Amino acid sequence: MLHLRHIITAAQLCLMAFPVGLSLYAANTRCAAYGVLSIAAVLAAVAILPLCRRRESIWMFFLLFLTATPLNIVIIKKILSTWLFEDFSLLTNIFQGALLYLIAISIEELACGFFARLIWRRQYKPLLARESLFDQPDPNSADAAPAGTCVCETDNASGREHDI
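> Describe in detail helix α3 (residues 56-82), supporting the description with residues and values.
In this model α3 runs 37 Å from its N-terminal to its C-terminal C-alpha over 27 residues, within 8% of the 39 Å that 1.5 Å per residue would give. Approximately 35° is the largest bend angle found in α3, and it occurs at Ala 68, with the proline Pro 70 only one to four residues beyond.

> Help me get a handle on a nonpolar patch on the surface, residues and values and all.
On the surface, a cluster of nonpolar side chains totalling about 480 Å² of accessible area is made up of Leu 43, Phe 114, Phe 115, Leu 118 and Ile 119. Broken down by element, the nonpolar patch gets its largest block of residues, four residues, from helix α4 (residues 90-119). Here Leu 43 is to be found in helix α2 (residues 32-48).

> An account of the side chain of Ser 23 is requested, with residue identities and associated values reported.
Relative to the helices and strands, Ser 23 is located in helix α1 (residues 4-29). Here Ser 23 falls in the buried class, since its relative accessible area comes to 0%. Setting aside chain neighbours within four positions, we find Ser 23 in contact with Ser 38, Thr 67, Pro 70 and Leu 71.

> Please provide a residue-by-residue account of the environment of Val 20, values included.
Inspection of the secondary structure assignment puts Val 20 in helix α1. Taking the C-alpha atoms as reference points, Val 20 and Phe 65, 45 residues apart in sequence, are found 9.4 Å from one another. If sequence neighbours within four positions are ignored, Val 20 has contacts with Leu 66 and Thr 67.

> Can you break down the nonpolar core residue by residue, with the values?
By size, the foremost hydrophobic cluster in this structure holds 13 residues, and its most contacted members are Met 16, Val 46, Cys 52 and Met 60. For this core, the elements supplying multiple residues, two or more each, are α2, α3 and α4. Ranked by residues supplied to this core, first place goes to α3 with four residues. Residue contacts for Met 60: discarding those within four places in its chain leaves Val 42, Leu 43, Val 46, Glu 109, Cys 112, Ala 116 and Trp 120. Of all hydrophobic cores here, the second largest spans five residues; its members include Ala 68, Ile 76, Leu 80 and Tyr 101.

> So what's going on with the confidence of the model for the protein? Which residues, and what values?
Mean pLDDT over the protein works out to 78, with 71% of the residues at or above the 70 mark. The least confident element of the protein is strand β2 (residues 161-163), whose mean pLDDT is 50; the most confident is α2, at 89.

> Hey, could you go over unusual backbone geometry for me, with residue numbers and the actual values?
A positive phi angle, near 55°, is found at Arg 30, a position not held by glycine. With respect to the helices and strands, the residue Arg 30 is situated in the loop between α1 and α2. Judged by relative accessible area, Arg 30 falls into the exposed class, the value being 57%.

> Now, about α4: what can you tell me, with residues and values included?
Since the α-helix advances by 3.6 residues per turn, residues separated by three or four positions end up pointing in the same direction. Compared with the 44 Å implied by 1.5 Å per residue over 30 residues, the 43 Å span of α4 between its first and last C-alpha is a close match. Every buried residue of α4 is listed here: Asn 93, Gln 96, Gly 97, Tyr 101, Ile 105, Glu 109, Cys 112 and Ala 116. Looking at the buried positions of α4, the neighbouring elements they touch are α3.

> Explain the packing of aromatic side chains residue by residue, including any values.
One pass over the structure, following the stated rule, counts three aromatic pairs. Centre to centre, the rings of Tyr 25 and Tyr 34 are 5.0 Å apart; their planes meet at 70°, and the pair counts as edge-to-face. By relative accessible area, Tyr 25 is classed as partly exposed at 43%. The class for Tyr 34 is partly exposed, based on a relative accessible area of 33%.

> Describe the environment of Ala 47, with residues and values.
Residue placement: Ala 47 occurs in helix α2. Judged by its relative accessible area of 43%, Ala 47 is partly exposed. As for Ala 47 and Met 60, which are separated by 13 residues in sequence, their C-alpha atoms are 9.8 Å apart.

Here is what the cut-offs are and how they apply
Residues numbered from 1 in each chain as written. Predicted model: local features only at pLDDT ≥ 70, side-chain atom pairs only at ≥ 80, totals over all residues. Heavy atoms only, no water. Helix = DSSP H or I, 4+ residues; strand = E, 2+ residues; numbered from the N terminus. Expected span 1.5 Å × (residues − 1). Bend = angle between axes of the 7 residues up to and from the residue. Patch = residues over 30% accessible without salt bridge, like charges linked within 9 Å, V, L, I, M, F, W, Y side chains within 5 Å. Areas by Shrake-Rupley, 256 points an atom, 1.4 Å probe, with all protein chains shown as cover. Salt bridge = Lys/Arg side-chain N within 4 Å of Asp/Glu carboxyl O. Buried < 20%, exposed > 50% of the residue type's maximum accessible area, 1.4 Å probe, protein only. Contact = heavy atoms within 4.5 Å. Core = buried A, V, L, I, M, F, W, Y, C linked by side-chain atoms within 4.5 Å. pLDDT = per-residue confidence, 0-100. Phe/Tyr/Trp six-rings, centres within 6.5 Å; stacked < 30°, edge-to-face > 60°.

So, in structure tokens, the structure goes:
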């Protein structure tokens, strides 16, 4: 017997896979309307799924990568067949196609990441933005305190100094 939790998880996975399936269908039929609808489905899936809450940027990046890949391949194949690249060898066309794909996916990811941050402002800090050991001052730099001295910080509320 299926528990409600399993049914909800299966529904969430189907909702997450729907934009990718719609994108594959759009690439197969070469219908631009389904391609636009698949990008809208990515936005809807990220907005609805509780798994994506407060991590919308990373989920937009991941789902958009999966969704945009079939569409980009169809577009790049059309560009390579109709544009100036038909006189070159197969290997050159493969490299040019890969370069065009990387440029297209980078632009799409940057644009959707920007819009995801505009739509969903309250998100967890990215792992790289958190304080780490790399943010600490270098002990060998000119700004570092001399050896044997205590590094203190003033508490603005009380005016007292305390060790860091």
